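Descriptive analysis of the structure
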There are 2 protein chains.
Amino acid sequence: MIQHSVIFSMKENIDTPRIKQFFKAAVELTEIPGLINFKSWKQVSKKNAFQYGLSMEFSTHEQYQQYNLHPAHLVFINEQWIPCVADFLEIDYEPLAEEFF
Amino acid sequence: MIQHSVIFSMKENIDTPRIKQFFKAAVELTEIPGLINFKSWKQVSKKNAFQYGLSMEFSTHEQYQQYNLHPAHLVFINEQWIPCVADFLEIDYEPLAEEFF
């Protein structure tokens, strides 16, 4: 299992209607095969400067790779992500091996 | 609901047995009231330099605050976190308001 997430901030000129458009479009990513547990987040810690997050899971690395290359993902990147997002950090988590418990 | 997580890297002198000790101790945080969905993660994206993650959820901000002040959390910070962790980023997520969908 892979939990893929991205924490990000919007560009200063991006207003609330545009932000809503962004997140409505993000939900459409859930149509991509293999993507499960999709969530949209508001980042509220004052210990970092990011404003929002998206997270999702894939059962296999192959599904994650297919997501990255999927046309719907590329459309989201071009029409939503690039116009709106100023700063971001991508995080990919796998469950820690059992030997650590 | 609040999803609290921290993404982090170990100090260079921290070896595998010490890392296992760290994560075994981390599991004991689950005894703190209100803490649910605790997970330990290996960070595998090459797009950031962090190595591990911990994530957990709380139903309310009050529970999260109680966790922060709980003696078991403070012991973990002093005996595991400070000796082992070099760099980290704290992330606090709340579900995005329904108006964004």
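Everything that follows concerns the structure shown earlier in this document.
Residues numbered from 1 in each chain as written. Chains lettered and ligands numbered in written order. Predicted model: local features only at pLDDT ≥ 70, side-chain atom pairs only at ≥ 80, totals over all residues.

1. Considerations on the overall build of chain A
Note the threshold: Counting from the N terminus, the helices are the DSSP runs of H or I reaching at least four residues and the strands are the DSSP runs of E reaching at least two. Around each residue's C-beta, the other C-beta atoms within 10 Å are counted; 20 or more make the residue buried, 12 or fewer make it exposed, and counts in between make it partly exposed. All C-beta atoms are placed from the backbone. Each residue is represented by a C-beta atom placed from its backbone, and any two residues with such atoms within 7 Å are regarded as in contact.
A tally of regular secondary structure across chain A gives three helices and four strands. For chain A, the sequential pattern of α-helices and β-strands runs β-α-β-β-α-α-β. A principal-axis box enclosing the C-alpha atoms of chain A has dimensions of 45 × 35 × 15 Å. Across the 101 residues that make up chain A, the buried fraction comes to 17%. Long-range pairs, those at least 24 residues apart, make up 74% of the contacts in chain A between residues at least 6 apart in sequence.

2. What about the interface of chain B and chain A?
The line we're drawing: Throughout, the ten residues Ala, Val, Leu, Ile, Met, Phe, Trp, Tyr, Cys and Pro are labelled nonpolar, Asp, Glu, Lys and Arg are labelled charged, and all others, Gly among them, are labelled polar. Pairing between strands is defined by DSSP: at least two bridges between the two strands are required.
Counting residues at the interface gives 25 residues for chain B and 25 residues for chain A. Where the side of chain B that touches chain A is concerned, the elements lending two or more residues are helix H1 (16–27), strand S2 (36–43) and strand S4 (85–95) of chain B. Split by residue class, the side of chain B that touches chain A holds 12 nonpolar, five polar and eight charged. Here strand S4 (residues 85–95) of chain A pairs with S2 of chain B via three bridges, running antiparallel. Directly across from proline 95 of chain A, in S2 of chain B, lies its bridge partner tryptophan 41 of chain B.

3. Section: the relation of the copies chain B and chain A
Note the threshold: When the copies are superposed, the least-squares fit takes in the C-alpha atoms of residues with a pLDDT of at least 70 in both.
Once chain B is rotated about the relating axis by 180 degrees and shifted along it by 0.0 Å, it coincides with chain A to within an RMSD of 0.0 Å. Look at the turn and shift together and you get a two-fold axis relating the two. Residue leucine 89 of chain B, judged by its C-alpha, is the member of chain B lying nearest the rotation axis, at 5.3 Å. By residue overlap, the copies meet face to face through one surface: 100% of the interface positions of chain B are interface positions in chain A.

4. Here we look at the pairing of strand S1 (residues 2–10) of chain B
Residues and elements named next belong to chain B. In this structure, S1 lies alongside strand S3 (residues 52–58), joined through seven bridges in antiparallel fashion. Looking at the pairing, serine 5 lines up with serine 55 of S3. Of the strand pairs in this sheet, S1 and S4 are connected by eight bridges, and their pairing is antiparallel. Residue pairing across strands places histidine 4 opposite aspartate 92, the latter belonging to S4.

5. Concerning the sheet that holds S4 of chain B
Note the following rule: Lines fitted to the C-alpha atoms define the axes, with helices restricted to the stretch that makes contact. Angles between their N-to-C directions range from 0 to 180 degrees.
Strands sit in the order S1(A)-S3(A)-S2(A)-S4(B)-S1(B)-S3(B)-S2(B)-S4(A) around a closed barrel of eight strands; the barrel is antiparallel. On average, each strand axis in the sheet is inclined to that of its neighbour by 30 degrees, with strand direction left out of account.

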